[in-house]
Every structure is written in C-alpha cells, then in structure tokens.
Amino acid sequence: MSTSRVPAIGIDLGTTYSCVAVWQHNRIEIIANDQDVKRLIGRKASDKIVQEDMKLWSFKVIAGTDDKPKIAVTYKNEAKEFVAEEISSMVLAKMKGIAETFLGTRVEQAVITVPAYFNDSQRQSTKDAAMVAGLEVLRMIHEPTAAAIAYALDKRADVDGKMNVLVFDLGGGTFDVSVLTIDDEGVIEVKATGGDTHLGGEDFDNRMVNYFVNEFKRKHNADISKNQKALGRLRVQCERAKRTISTAFQTTIDIDCLFDGIDFSATFTRAKFEEVNMVFFKKCMDAVKTCLADVKMSKDSIDEVVLVGGSTRIPKIQELLQELFDGKLLCQQINPDEAVAYGAGILAANLSGVGDETVQALALIDITPLSLGVGCEKDVMAVLIPKNSPIPIKKEKTFCPAYDNQTSVTILVYQGERSKCTGNHLLSQFRLSGLPSALRGEVKINVCFEIDANGILQVSAKETTKGSNSAIKITNNDSLTREEIMKMIEDAERYKLEDEAHMEKERAHTDLTNHACKLRTKIKDYKVRMKLRKTGFSVKDFEAIDQQIEEAIKWLDEHPHVNFDELEDKELELNAIADLLS
Ligand code: AMP
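Quick notes on the rules
- Residues numbered from 1 in each chain as written.
- Predicted model: local features only at pLDDT ≥ 70, side-chain atom pairs only at ≥ 80, totals over all residues.
- Heavy atoms only, no water.
- Salt bridge = Lys/Arg side-chain N within 4 Å of Asp/Glu carboxyl O.
- Buried < 20%, exposed > 50% of the residue type's maximum accessible area, 1.4 Å probe, protein only.
- Pairing = 2+ DSSP bridges.
- Helix = DSSP H or I, 4+ residues; strand = E, 2+ residues; numbered from the N terminus.
- Axes fitted to C-alpha atoms, helices over the stretch in contact; angles between N-to-C directions.
- Parallel < 35°, antiparallel > 145°, perpendicular 65-115°, else oblique.
- Contact = heavy atoms within 4.5 Å.
- Polar contact = N/O pair within 3.5 Å; in protein donor to acceptor, adjacent residues only side chain to side chain.
- Near = heavy atom within 4 Å.
- Phe/Tyr/Trp six-rings, centres within 6.5 Å; stacked < 30°, edge-to-face > 60°.

Caption draft 1: Fine view of the pattern of salt bridges. On inspection of all chains with the given rule, the structure shows 19 salt bridges. A salt bridge links Glu108 to Arg106; the shortest N-O distance between them is 3.3 Å. On the accessibility criterion, Glu108 (12% relative accessible area) is buried. A network of salt bridges, in which partner residues are shared, links Asp404, Arg440, Arg520, Glu550 and Asp557.

Caption draft 2: Region of the structure containing the sheet that holds strand S15 (residues 330-331). Taking strand neighbours across the sheet as the criterion, the seven strands line up as S15-S14-S9-S10-S11-S16-S19 in an open arrangement whose pairing is mixed. Strands at the two margins of the open sheet, each flanked by one partner only, are S15 and strand S19 (389-391). Judged from the three bridges that link them, strand S11 (residues 187-196) and strand S16 (residues 363-368) form a sheet pairing that is parallel. Bridge pairing in S16 places Glu189 opposite Ile365.

Caption draft 3: Structural detail: the packing of helix H5 (residues 143-155) against helix H10 (residues 339-351). Packing of H5 against H10 brings their axes to within 7 Å, and their N-to-C directions diverge by 75°. Taken together, H5 and H10 sit at an angle that is classed as roughly perpendicular. Facing Glu143, Ala146, Ala147, Ile149, Ala150 and Leu153 of H5, the residues of H10 in contact are Ala339, Val340, Tyr342, Gly343, Ala344, Ile346 and Leu347.

Caption draft 4: Layout of the side chain of Asn424. Here Asn424 lies in the loop between strand S21 (408-415) and strand S22 (425-433). At 3.3 Å, the side chain of Asn424 and the backbone nitrogen of Glu417 are in polar contact. From its side chain, Asn424 meets the backbone oxygen of Arg418 in a polar contact 2.6 Å long.

Caption draft 5: Molecular detail of the site of the ligand. Taken together, 13 residues sit near the ligand, with Gly172, Glu239, Lys242, Ser246 and Gly310 positioned nearest. Within the side chain of Lys242, an N or O atom sits 2.8 Å from an oxygen atom of the ligand. The contact in question runs from a nitrogen atom of the ligand to an N or O atom on the side chain of Arg243, over 3.5 Å. Looking at which element gives the most residues to the shell around the ligand, the answer is helix H7 (residues 228-244), with three residues.

Caption draft 6: Expanded view of the sheet that holds strand S7 (residues 109-114). Spatial ordering of the open sheet is given by S3-S2-S1-S7-S8, a layout of five strands whose pairing is mixed. The two strands at the open ends of the sheet, each matched to only one other strand, are strand S3 (27-31) and strand S8 (136-142). Sheet twist, expressed as the mean angle between neighbouring strand axes with direction ignored, is 25°. Running over the sheet, H5 touches S7 and S8 and is turned about 90° from S8.

Caption draft 7: Inspection of the packing of aromatic side chains at higher detail. On inspection of all chains with the given rule, the structure shows twelve aromatic pairs. Geometrically, the ring pair formed by Phe168 and Phe175 is tilted, given 4.9 Å between the ring centres and 55° between the ring planes. For Phe175, a relative accessible area of 0% translates into the label buried. The rings of Tyr211, Phe212, Phe216, Phe259, Phe264 and Phe268 are connected pair by pair, giving a single aromatic cluster.

Caption draft 8: Local environment of the environment of Arg270. Assignment of secondary structure puts Arg270 in helix H8 (residues 270-294). Here Arg270 falls in the buried class, since its relative accessible area comes to 13%. Excluding anything up to four places from it in sequence, Arg270 contacts Ile245, Ser246, Thr247, Ala248, Phe249 and Pro315. At a separation of 3.5 Å, a polar atom in the side chain of Arg270 contacts the main-chain carbonyl oxygen of Thr247.

Caption draft 9: Layout of the environment of Ser582. One can find Ser582 in the segment after helix H16 (564-581). Note: C-alpha distance between Ser582 and Leu532 (50 residues apart in sequence) is 9.2 Å.

Caption draft 10: Representation of unusual backbone geometry in the model. Between Ile391 and Pro392 the backbone carries a cis peptide bond, its omega angle lying at 0°. In this structure, Pro392 sits in the loop between S19 and strand S20 (393-399). Even without glycine at this site, Asn221 takes up a positive phi of about 50°. Of note, Asn221 is situated in the loop between helix H6 (201-220) and H7. Positive phi, normally seen in glycine, also occurs at Asp260, with a value near 55°. Judged by relative accessible area, Asp260 falls into the exposed class, the value being 68%.

No statement about biological role is implied by the geometric values presented.
And the structure:
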C-alpha cells in the first residue's frame, strides 16, 4: 500500500505533556491536544478512571504485579503484555486519533521523539507501542535533536558554512543539553548530549512548597507537611506563582482554609525563588560545561544557544546561561512548548517525501548517548561503540575464550560509562556454543554491534576460525529508568579514578596471559621446533620451556588479582622465554 499521500505526523511523546505536528498547507501545524493523555501511567488498574477509560479502548487492560496496569494484545498470533509506563501506546493512539480528526484522513506513519537518555529497551518498547497503536515509526529522534531541527529550519538561510548550536532543554521533569552543528546544506549533526533525568520545573515547585510549609509553621505553629490535600493546593499555587515571577519581581499567594480553618497569605519574591533553587540552576550550568567538554569544544565556539522547555522562561536560568557564554544573546525564537513536536513534524514530512525544498534538503546525523560494549574477564567492559558516536553505526571486535578447550561462551552486552561491568547496565546476554575445542588464543570470536537510525541495537557473534557458528540477539526488554541511567553516569564520574586503576591492572593481567598463550602456541609449532633444534635445543629443553609456560598460565589463572610488581616478575620470566624462542 502506498502511503506517500497520507501525511506522516511528528509526535512529542513528553513526560508531562504530549503534542502532535503535521505538514499541511506548506507549513507545520501544531495540533491542539484536548486531553490529559497520561491517564493510565502511574495509576492502579483498579482505579476508577482506568476502569472507565478501558471501555473506550480497543485493547485489553489487565492488572500486573502490584496492580500496575498492563496492556494485553495479540500480535502475529502471539499474546503480548505491555506495561503502560514503558510503552505509552495509548498516548500514541490518542495522538494518532487527534491528527486523523484534524486532517480528516488516516495517518499511518510517524516520527516520535524520545528523551535523549532513553536506553535501547525503552526505544524498542516505544517502537512496539507505536505498532500497537497502528503507527509505523519512520524514525525515533531525541527531543533536543527535534528542537534543533525546528531551529535549523528557521535559521538555515542565515547559516554561512557551518554553525555550532547548543540546545538547552529544561522542562517540567527533565533536563537535556545537546551540542550540534548545522550547515548551509541542511545537514544537522548532533555532536554530544547530556543532562539530568531528574531536574526540572517540578523540583523548583517542590522547593517553594517546602519554603511555605516552614512559613506556615512559623506563622501559625501548625504542620501541614502530612496533609496531602493542603500540600496539593499549595503546590498548584506555587507553580502559578513561579510563572508570575518570571515576569514580575514579586507575587502573593492566597489560599482560603489551607489547614485547620487557617487562611494562608504570603508574598514571594523572585530573589527568594532564586535563593531556594540556586543549587538546581548551578547543576544545569555544570551539565552544559560537561557536554562541551565531552565534545572538546570551548564555549566560544558555540554560535548560538537555543532555549527549549517551559522552565527556560526563568530569568535566572537565562542570566546564568548568558553569563556562562560571556554575554551571548540566547535564542528564544522557537516556541519552547512546541519546538520538539515541530521538529518531529518537519522530519516526518522530510522522510515521507512531502514539504518544500528546505524541508526536503534536511539531513540528520544523530548520536548514541551511552557507551555500549561486551563484558570481559575480570569485570572489564570492552567498549565497542563509545558514547556520542554517530548513528547508524556498526562496530566489530574480536575476542578469545578465557579458557583452553572452551566450547561455549556467554556474550554479555552492557550499556554505561563505567569501565567495570558491574557498574553498568546489563542489556542482554546470550550463548555462543559449538566452538572448536582448542587452546586459548587459537579460537576467535567476532562480536558485532549495530545501531540503527532509531538508536536500536542489534548484537551478533560469530566464531571466525571455522566460521561455523553464529548467534544473533536483539537486546531484551529490561528497561532502565532515566534516574538509573543518570545515576550510572554520575557514578562513572565519581568512580573514574578507581575504575581506571582497576582497568589498568586487569588489562596488564590479560595482556600477560595472552602473551603466555601465544608463546605456548609458538613452542608447539613444528617449524619453530625444527628451527630451534638446529640451534642446539634438546627435547629436554622443550619440555622445560613447555612446563614453564604452563606453570605461568596456571599461576595467572589462579591469581586474577595480583599486584603490578608480581605481574612484572612474571613478565620478565616470560620475556626471557620469548627471547630464547626468537
Ligand atoms: P515543558 O515540559 O517544556 O512543557 O515545561 C513545563 C515546565 O515549565 C513546568 O514545570 C512549568 O511550571 C514550567 N514553566 C512554564 N512556564 C513557565 C514560566 N513562565 N516560568 C517558569 N516556569 C515555567
């Protein structure tokens, strides 16, 4: 079926708010979202609202562990169950419906945005969710990248050669920062991405609520901190006040009968707001610095700083950012609430072959936000695809089994920035069996990682000596939360020195073991033996060397955590043998 005439839509699948965009009448239309679509997420299956909504849905909702709602569907004759938070399929179905009503036509394809720190399984889940909602995913892109597309389309005419752009995206619950280049041909290249999964407007509201809880205590000698209803009413007023002081210098909060019949009234200044939230603002600036350092760019090389997300309306955020960039004017031309959907809509038009010349010229190079690798002996992570690598990408590496006569290996696929596997996230594991029985070092396994344009990883492994075995595995559905991912990155920074020392020692141990194995293979080689015989080597000499090498290998196997001095002694011993054999 041809879908070229059916418009593809762009969906901002947000954490607090979702939005849909489509190319129509030679421009992008942002279609109003008439309902809170997060009705299921975070609710119990037995919840009245869920029970009522269920009647309207075409899929079955069942209660999972802890009464968490799960969606049950049949796809290709296979029963599948999805957890609501992970897949958001009803959100996508709703977005599709909104677009179809607006356009008066069927919609079958979409570009969907996901947070930059979504891991592989979360992306796969989102893709599955779209499938359940009846949408083919043309591409999944990161939210800041979508914002950059919106910006680039506006700006392209002014670009002379290449320009470097930093997108600062601070929303309600999350913070993303990305560095990109845009060129006058329409190529947008993401260079680095970073941020904080647990930082946004809601944190600022919480600080205000805490401040007023203390004020209430001081003024009325009453504690409202255990009263959910009072706290809820206070929170709503705080959020409102926060918005007001983005333009005014002070505001008042008035709540009738807040607690125990007491009316609450207080003034709140912009200065107080900044004081209670400064620690968060500084965190944002630190993330910007880290992102620049990751891409080895100085702040002077950034031509434009683009603001996205409702919380970038806070004057102090703008002031600190401007200060960081030595007074550079910040770009607020694009609507922060709609930029992500707008960018997704443009890419949807581009990929489905609609839109004007500028839209069609657009080309996007995105990156992978976390390193991917294989778990090796001694808890060492061998990175195949480093963080911030452009996607799609394919990388291969050769590994050897750790023991002699090992006929199967388990390939462990990790994601994260720690050099120790245990500090990273195990995405998947699978077994490669039927390896030829041989000495260690003689069997080679080629592991291949491939990430597609949607950021989805596929891993395969093949024994190359005989070429007889291969195994392919797509990573499992074990999702990480954004908080877990950020914690992993923070831990990676914290444990960097400790990890590096561990890595260095483990690498030295592995190198020496490989060295010994190579010597063993060499001394067993008939031609080498013949050559040595001619130089006066006796059978007894060979036996002595064989034994020395076997003992060295045994010692290394039995002492996986020796210190550098001990390794050095063993290395000298093996080097002496290597000299004899050379
Ligand atoms: P987003 O997720 O991009 O829609 O951003 C939503 C967040 O932006 C919420 O925490 C809002 O409270 C916050 N926000 C929206 N407008 C303003 C404003 N004028 N000043 C401060 N924060 C705002």
